[in-house]
Each structure stands twice: as structure tokens, then as C-alpha cells.
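So the chains spell out like this:
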Amino acid sequence: MALKITVIGTGYLGATHAAAMAELGFEVLGLDVVPEKIEMLAGGRVPMYEPGLEELLARHVAGIEGSSGRLRFTTSWEEAGAFGDVHFVCVNTPQKHGEYACDMSYVDAAFASLAGVVRDGALVVGKSTVPVGSAQRLAGVLPEGVELAWNPEFLREGFAVQDTLHPDRIVVGVAEGVRGERAEKLLREVYAVPVAEGSPFVVTDYPTAELVKTSANSFLATKISFINAMAEVCEAAGGDVAKLAEAIGHDERIGNKFLRAGIGFGGGCLPKDIRAFMARAGELGADQALTFLREIDSINMRRRASMVEMAREALGGGFLGKRVAVLGATFKPDSDDVRDSPALNVAGQIHLQGGQVTVYDPKGMDNARRLFPTLAYAPTALDAVRGADVVLHLTEWREFRDALDPAELAEVVSSAVILDGRNALDAGRWREAGWTYRAMGRPRA
Ligand code: UDX
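The rules behind the values
- Each residue is numbered by its place in its chain's sequence as written, counting from 1.
- This being a predicted model, a pLDDT of at least 70 is required before a residue's local features are given, and a value of 80 or more before pairs of side-chain atoms are given or counted; all residues contribute to the totals for chains, interfaces and linings.
- Put simply, DSSP H or I for four residues or longer makes a helix, DSSP E for two residues or longer makes a strand, and each gets a number counted from the N terminus.
- Atoms counted for the radius of gyration: C-alpha only. Globule rule: 2.2 Å times residue count to the power 0.38.
- Burial is judged by counting the other C-beta atoms within 10 Å of a residue's own C-beta: 20 or more makes it buried, 12 or fewer makes it exposed, and any count in between marks it as partly exposed, with every C-beta position built from the backbone.
- Throughout, a pair of residues is in contact if the C-beta atoms placed from their backbones lie within 7 Å.
- For a helix, the expected span equals 1.5 Å multiplied by the number of residues minus one.
- For each residue, a C-beta position is placed from the backbone atoms; the residue is near a molecule or strand when that point lies within 6 Å of it.
- Classification convention: Asp, Glu, Lys, Arg as charged; Ala, Val, Leu, Ile, Met, Phe, Trp, Tyr, Cys, Pro as nonpolar; all other residues, Gly among them, as polar.
- An automatic or database domain assignment supplies the start and end points of every domain.
- Think of each axis as a best-fit line through the C-alpha atoms, taken over the contacting stretch in the case of a helix, with angles from 0 to 180 degrees between the N-to-C directions.
- An angle counts as roughly parallel when it lies under 35 degrees, as roughly antiparallel when it exceeds 145, as roughly perpendicular when it falls between 65 and 115, and as oblique in every other case.
- Put simply, a crossing is left-handed when the front helix is turned counterclockwise from the back one by less than a right angle, and right-handed when it is turned clockwise.
- Criterion used throughout: strands pair if DSSP finds at least two bridges between them.
- By our criterion, buried Ala, Val, Leu, Ile, Met, Phe, Trp, Tyr and Cys residues that link up through C-beta atoms within 7 Å make up a nonpolar core.
- Place the viewer so that the strands point away; then a crossover is right-handed whenever the path from the first strand over the helix to the second strand goes clockwise.

Chemist: Quick question: what am I supposed to make of the overall build of the chain here?
Modeler: Looking only at helices and strands, the chain features 19 helices and 14 strands. Taking 2.2 N^0.38 as the reference for a compact globule, 445 residues should give roughly 22 Å; the C-alpha atoms of the chain span a radius of gyration of 23 Å, in line with that estimate. Principal-axis analysis of the C-alpha atoms gives the chain an extent of 70 × 55 × 40 Å. The buried share of the chain, reckoned over its 445 residues, is 49%. Put simply, 70% of the contacts in the chain that link residues at least 6 apart link residues at least 24 apart.

Chemist: So what exactly am I meant to see when it comes to helix α1 (residues 12-23) here?
Modeler: Three or four residues apart is the spacing at which side chains of an α-helix point the same way, because the helix has 3.6 residues per turn. Relative to the 16 Å expected for twelve residues at 1.5 Å per residue, α1 spans 17 Å between its end C-alpha atoms, a close match to the ideal helical length. With respect to burial, α1 is a largely interior element, twelve of its twelve residues being buried. When we look at burial in α1, the residues that qualify are Tyr 12, Leu 13, Gly 14, Ala 15, Thr 16, His 17, Ala 18, Ala 19, Ala 20, Met 21, Ala 22 and Glu 23. Note on α1: the residue one or two positions beyond its end, Gly 25, has a positive phi of about 110°.

Chemist: Help me out: how do you make sense of the site of the ligand in this one?
Modeler: Neighbouring residues of the ligand: 20 residues in total, closest Glu 157, Arg 260, Phe 265, Gly 267 and Cys 269. Here the shell around the ligand is built from residues that sort into ten nonpolar, five polar and five charged. When residues of the shell around the ligand are assigned to domains, at least three fall in each of domain 1 (4-204) and domain 2 (206-445).

Chemist: Would you mind showing me how to read the domain arrangement of the chain here?
Modeler: Interface extent is often summarised as the accessible area lost during association of the parts. According to the domain assignment, the chain contains domain 1 (4-204) and domain 2 (206-445). The centre of domain 1, based on its C-alpha atoms, is set 32 Å off from the matching centre of domain 2. Taken together, the contacts link 25 residues of domain 1 with 25 residues of domain 2. Listing elements by their share of the side of domain 1 that touches domain 2, those giving two or more residues are α6 (134-139) and β7 (170-174).

Chemist: It is not clear to me how the packing of helix α10 (residues 206-237) against helix α13 (residues 291-314) should be interpreted in this structure. Could you clarify?
Modeler: A packed helix pair is summarised by two numbers, namely the angle formed by the two axes and the spacing between the axes. With their axes 9 Å apart at the nearest point, α10 and α13 run at an angle of 50° to one another. Relative to α13, the element α10 is oriented oblique. Along this stretch, α10 crosses α13, giving a crossing that reads as left-handed. Taken together, the residues of α13 that come into contact with α10 (itself represented by Ser 218, Ala 221, Thr 222, Ser 225, Asn 228 and Ala 229) are Leu 293, Ile 296, Ile 299, Asn 300 and Arg 303.

Chemist: Before we go on, may I ask you to explain the sheet that holds strand β11 (residues 376-377) in this structure?
Modeler: Pairing between the strands of a sheet is mediated by backbone hydrogen bonds and can be parallel or antiparallel. Taken in spatial order, the six strands make up an open sheet running β11-β10-β9-β12-β13-β14, and their pairing is parallel. The sheet is open, and its two edges are formed by β11 and β14 (436-439), each paired on a single side. Two elements, strand β12 (residues 390-393) and strand β13 (residues 417-420), share three bridges in a ladder whose sense is parallel. From the neighbouring strand, Leu 392 faces β13, where its bridge partner is Leu 419. Set on the sheet, α13 makes contact with β9 (323-327), β12, β13 and β14; between it and β13 the angle comes to about 165°. Relative to the sheet, helix α14 (residues 342-352) contacts β9, β10 (356-360) and β12, its axis offset from that of β10 by approximately 160°.

Chemist: Would you mind going over the sheet that holds strand β2 (residues 27-31) with me for this structure?
Modeler: Pairing is mixed across the open sheet formed by eight strands, whose spatial order is β3-β2-β1-β4-β5-β6-β7-β8. Looking at which strands have only one partner, the edges of the open sheet turn out to be β3 (71-74) and β8 (201-204). Neighbouring strand axes in the sheet, compared pairwise and without regard to direction, differ in orientation by 25° on average. Running at roughly 160° to strand β4 (residues 86-89), helix α5 (residues 105-117) makes contact with β1 (4-8), β4 and β5 (123-126) of the sheet.

Chemist: Just checking my understanding: could you explain the nonpolar core for this structure?
Modeler: Most often, soluble globular proteins have nonpolar side chains that are buried together. Of all hydrophobic cores here, the largest spans 85 residues; its most connected members are Ile 8, Val 28, Val 89 and Ala 149. A per-element tally of this core places α1 first, with eight residues. Split by domain, this core shows at least three residues from each of two domains, domain 1 (4-204) and domain 2 (206-445). In this structure, Ile 8 is in contact with Leu 31, Ala 80, His 87, Phe 88, Val 89, Cys 90, Val 91, Ala 110 and Leu 114, ignoring residues within four places of it in sequence. By size, the runner-up hydrophobic cluster in this structure holds 43 residues, among which are Val 357, Ala 388, Phe 400 and Leu 409.

Chemist: Before we go on, may I ask you to explain the environment of Leu 409 in this structure?
Modeler: Mapped onto the fold, Leu 409 is located in helix α18 (residues 406-412). Separated by 309 residues in sequence, Leu 409 and Tyr 100 place their C-alpha atoms 42 Å apart. If sequence neighbours within four positions are ignored, Leu 409 has contacts with Leu 382, Val 385 and Leu 404.

Chemist: Help me understand the pairing of β5 in this model?
Modeler: Burial along β5 is two-sided: Leu 123 and Val 125 facing one way and Val 124 and Gly 126 facing the other are all buried. Sheet topology note: the β4/β5 ladder contains four bridges and is parallel. For Val 86, the partnering residue across the bridge sits in β5 and is Leu 123. Traced from β4 through α5 to β5, the parallel crossover comes out right-handed. With four bridges joining them, β5 and strand β6 (residues 147-150) adopt parallel strand pairing. Counterpart to Gly 126 in the pairing with β6 is Trp 150. Taking the sense of rotation as the criterion, the β-α-β connection linking β5, α6 and β6 turns out right-handed.

Written out as C-alpha cells, the structure is:
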């Protein structure tokens with residue numbers, strides 16, 4: 001009989017994982033402690049913007065016409081415990097307030113609740129990003145007959161469905177001996193389809209699996225801060241960081257991905273993951289190994305300040321009484337996520353320094369309004385730039401690159417100056433339409 005799967009925590013990760021498991025043919029029960037979230041998902045609606053996820057839910061959520069009916073949702077731990085052969089724990093581990101370490105309280109609460117209801121012989125699989133050593137500790141919370149595996153998730157927001165159904169790799173950390181072998185066997189069954197389609201399946205011990213996730217994110221953050229450091233040098237020396245990235249990217253050992261200079265990385269993962277990694281290394285007495293991450297973090301934060309300075313300079317030295325249009329609020333395109341968004345951070349700093357900031361974002365307006373209620377928001381990009389003394393392009397939505405007409409925008413602004421904080425617009429097009437176009441790490445035309 002096919003395995004029955006529960007997914008504990010139905011945020012970006014859990015909701016996508018639950019839908020993907022149903023797509024792979026399993027009976028799935030998603031659990032969350034927030035009833036409103038469960039109500040939405042049970043109706044086939046997604047509490048966030050993630051391309052393709054609503055369509056995937058519609059294919060499987062029970063009660064939706066034409067669906068497979070394989071995916072249901074609940075708030076009941078008893079129901080989840082009785083149902084699942086395999087339980088995926090997908091709750092979040094945000095940064096602790098005022099500290100580098102991550103907050104494990106959601107993971108701990110999920111394991112405590114699950115421990116009280118899980119069936120003998122079931123497998124619990126941690127997917128949350130946790131400090132190394134957590135799996136070993138959490139295995140001790142579960143009843144004797146219940147096995148634990150750690151299976152980190154590498155999905156990117158905006159590509160969550162694709163990344164979950166066709167992962168670059170599947171990493172599974174298991175206990176030693178027979179128990180670990182059983183966990184591996186079950187997970188090979190769960191992931192049989194992606195493995196058959198070519199996803200590598202890497203089996204490790206617990207600490208290695210946990211470290212794969214944090215080290216992968218540290219590497220990505222390092223790549224971005226590296227190119228942003230090069231942008232700083234290009235600015236000082238008169239070089240062009242976009243050309244530099246293109247040229248070094250041709251070296252296959254370096255690769256051309258994740259080399260876009262700009263206002264840096266944000267979101268719910270990279271910033272907090274590198275900080276939590278440093279905090280954990282400190283506890284383990286290995287802090288020296290990761291002191292470079294402190295530099296990665298500060299290069300990243302400096303980019304935001306540098307964007308503010310670029311805007312100040314473009315405005316002749318001050319923000320007071322100036323109108324600043326901000327295109328983009330989310331931390332990246334194709335997401336409505338504004339957590340630690342560089343775009344909103346820049347907008348907020350300029351607002352605090354007296355600028356009149358108006359923000360437009362294709363999908364992130366509601367979340368941005370909640371987080372920064374004092375900023376002004378416009379219903380379209382054209383409305384946002386009306387009367388602007390400077391326009392800041394801070395999240396590289398396709399809509400900004402492809403659908404905006406620089407000539408039309410030039411007619412409504414007070415001053416046709418655009419600063420590209422993502423190095424993503426076609427400089428030539430904007431300049432032809434009469435704009436002063438500047439980007440980070442590139443020479444001024
Ligand atoms: C990241 C990891 O990529 C993913 O594997 C992990 O599971 C979760 O964390 P995500 O947070 O969705 O995913 O975003 P990602 O696409 O990695 O981008 C992170 C940030 O880096 C964004 O703010 C993005 O704008 C920025 N970025 C990315 C750059 O500034 N330059 C680049 O070249 C690439």
C-alpha cells in the first residue's frame with residue numbers, strides 16, 4: 001500500500017512539499033496550528049504568492065472538482081499522528097530577536113506535539129533549516145519505536161514547485177545501523193520518481209545533512225557578496241561589474257549564476273542562515289572557521305546603505321522634500337515575500353531621512369504595507385513614478401524590465417533619473433528615452 005504522508009507546517013516549504021507529495025501519488029495530510037491557513041489551503045487557495053502552487057493544489061486538494069482528492073488539511077495532531085507513515089516537519093526557524101541564533105521554538109513545539117501522537121514504526125523527517133546537532137537532540141524527543149531522518153530542503157521562492165518536484169539533489173541524514181537503513185529505504189520510496197528522473201540521492205549522517213544546507217546557503221551568500229565587493233572596487237576604479245561578472249562566469253569553475261551585483265541578498269533564508277551558522281559555530285568552538293561570514297554579511301548590508309547614498313547624490317545631497325519612487329518591495333521577483341527585503345530597507349531608510357517615498361510592487365504590496373505602513377504605495381508603476389525626482393529600481397520583476405515604457409515614464413516624472421539597484425534594466429533603452437541611468441558598480445555614461 002502507498003505510504004501516507006503528513007506535512008507539519010504549511011508555509012512556503014510545507015505547502016509546496018505537501019502538494020508535491022500528492023503529485024507524486026501519495027495520500028497527504030497537511031497540518032498547521034494556524035486555522036486560517038488550513039482553511040485557505042483546504043479551499044485550494046495559497047496564503048502567499050508562489051507561481052504554479054495554486055494550480056498544483058487544485059489538482060489534488062480533496063473536495064475540489066476534478067482533483068485527485070489525495071491532499072487534505074487539518075489542525076488536529078491526533079489525526080496527523082494516526083494518519084502518517086512518514087511525517088515531514090517543515091516549520092520555520094526564524095532569527096531570534098536581537099540575536100544571531102535561530103529560534104528553534106517552532107521546531108521544538110512540533111516535535112513535542114508529534115511525539116505524543118506518532119504511531120509506532122513511523123518515520124519523522126526534519127526539513128527545517130536547523131543548527132547542526134539539532135537532529136541528534138530531536139531524535140531523543142521521539143518515542144523509542146519512531147525513527148528520525150534529516151532531509152534539508154533547497155527550494156527557492158518563486159521556483160518552489162519546480163525545485164520540489166525536480167530537486168538538484170536529495171540529501172538524507174540518517175542514524176547509524178539498521179534504524180538508519182530503514183529510514184533510508186522509506187525515503188528512497190518517497191523520492192523514487194525524482195531519483196528515477198535523475199536527482200542524485202546523497203545519504204549522510206545527521207550533522208552532515210544539517211551542514212549541507214547551511215553551507216550551501218553560505219556559499220550562495222558568499223558568491224553574491226563577492227560580486228558586490230567587486231562592484232565596490234569597480235566603482236572606485238571605474239570598471240564595469242556586469243561585464244566583469246560575465247567574463248569571470250565563463251570559467252566553468254566559477255559559473256555565471258548568482259553573480260548579479262546590486263543591493264544584495266535578503267529574504268527569510270540567506271541572511272538568517274549565515275547568522276545562525278556563525279552563532280552555532282561559536283557554540284562549537286569553531287567560530288574562527290566562519291568569521292568570513294561576518295564580512296559577507298557586512299558587505300551585503302553595506303550595499304543597502306550605498307544605494308541610499310547613490311540616491312542622495314542623485315538628488316543633490318539630501319532627501320528633504322524630494323519625491324522618491326521605488327519599484328519593487330519584495331526581496332526577489334516572483335514572490336510576495338518582504339522578509340528582510342533590501343528594497344524595503346532602502347525605501348525605509350530614505351523615508352526616515354525625510355524623502356517622500358512611493359512604492360509599487362506587482363505582488364508584495366499587502367505584505368509591504370503591513371511591514372512599512374508609513375510609506376506611500378501606488379497601484380501601478382506609472383502612478384508610483386508620477387512627479388518623482390528619482391526612480392529606484394530595487395527588485396528585478398520581469399514587468400519592470402519588459403513592460404515598462406521608459407518614454408511614457410519620462411513624461412510623468414519630475415526628473416528622469418533612474419538608479420538600477422539590481423543591474424537588470426536595459427541601460428540603452430532608458431538612455432535613449434532621455435533618462436539618466438545609473439547602476440551599482442558600473443561606469444556612468
Ligand atoms: C535561498 C536558496 O537559494 C535556496 O536554495 C534555499 O533553500 C533558501 O534560500 P531564496 O531565499 O528563495 O532561496 O532566494 P534566492 O534566489 O537564493 O535569492 C536570495 C537573495 O539573493 C535575493 O534577495 C536575491 O535578490 C539575491 N541575489 C541573488 C542577488 O543579489 N544576486 C544574485 O546574483 C542572486
